[in-house]
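The primary structure of each chain is shown beneath.
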Amino acid sequence: MQAGAVNIKLMADIADVQRKFAEVEQMAQSMSKRIELAAGIATKALGLLGIGMSVNWAKNMVMGSIESAAALNDLAIQAGVTVESLSGLAAVGKYSGQNAESIAAAMNRMTRSLTSVTEEGKGAGFALQAMGLDVREFQKLAPDEQFMLLARTLGEYQDGASKAAVSMAIFGKEGAKLLPMMKDLALAGEIQAKTTTA
């Protein structure tokens, strides 16, 4: 691909991401207005029963939810995965102390180590080969697919120092902390996303 075509493709991709983010923001604002209206109606109804409900409290609750969804969206973009996939991974990860932020960071470390030409990158490549995975085929997968494949492959290994070493070669020094989650993912099989798009 020529430099001009790559630049045009990159600009188109950036424009697409910006458009999608604007759509998410518009949907969030619309949802916020509808929920605020519903909260107002509920407050009036509960007020008749002698139970006061603060519209401000309801608004803050809704805004907190919107901010959480926006943060999850940002993490998904940073990790190069969908919101649904990251949400599903986080749902499994919470049982082993991992959250969306730590999972996105692990995916970024994995991507960096597999694209690096340093000793770290060589170590990650050797780790994949030791697990019987083809490095080039592995690199063609999306980060969430790579993560799931590693979980399934690591699930076939006996717990121990070599398993921790392989994980650290791919995910960096925090790799051993991911092993409980990887085990859960291997047992769970395919993940189910908890967040859906409108």
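Below is a summary of the structure that appears in this document.

Analysis parameters
Residues numbered from 1 in each chain as written. Predicted model: local features only at pLDDT ≥ 70, side-chain atom pairs only at ≥ 80, totals over all residues. Heavy atoms only, no water. Core = buried A, V, L, I, M, F, W, Y, C linked by side-chain atoms within 4.5 Å. Buried < 20%, exposed > 50% of the residue type's maximum accessible area, 1.4 Å probe, protein only. Helix = DSSP H or I, 4+ residues; strand = E, 2+ residues; numbered from the N terminus. Arc of directions from axis to C-beta. Salt bridge = Lys/Arg side-chain N within 4 Å of Asp/Glu carboxyl O.

If you look at the biggest cluster of nonpolar residues, it comprises 38 residues, and the most contacted ones within it are L128, F147, L150, I170, F171, M182 and L185. Only α2 (55-79), α3 (83-93), α4 (100-115), α5 (119-130), α6 (135-139), α7 (143-155), α8 (161-171) and α9 (179-188) provide two or more residues apiece to this core. A total of 7 residues in this core trace back to one element, the largest contributor, which is α4.

With 10 of 11 residues buried, α3 is to be regarded as a mostly interior element. Of all the residues in α3, the buried ones are V83, S85, L86, S87, G88, L89, A90, A91, V92 and G93.

What α8 keeps buried is the set K163, A164, V166, S167, I170 and F171. Projected down its long axis, α8 carries its buried residues within an arc of 160°, all on one side. Across from the buried face of α8, at angles greater than 90 degrees, the exposed residues are A161 and S162. Positive backbone phi, approximately 85°, marks G172, located one or two places after α8.

Throughout the structure, instances matching the rule amount to 4 salt bridges. K183 is paired through a salt bridge with D159; the nearest N and O atoms lie 3.3 Å apart. Here K183, found in helix α9, pairs with D159, found in the loop between α7 and α8; they are 24 residues apart in sequence, far enough to count as distant. Here K183 falls in the partly exposed class, since its relative accessible area comes to 42%. Among the salt bridges present, the one from E174 reaches K177, with a minimum N-O distance of 3.1 Å. In the salt-bridge network here, residues are joined through shared partners; they are D159, K163 and K183.

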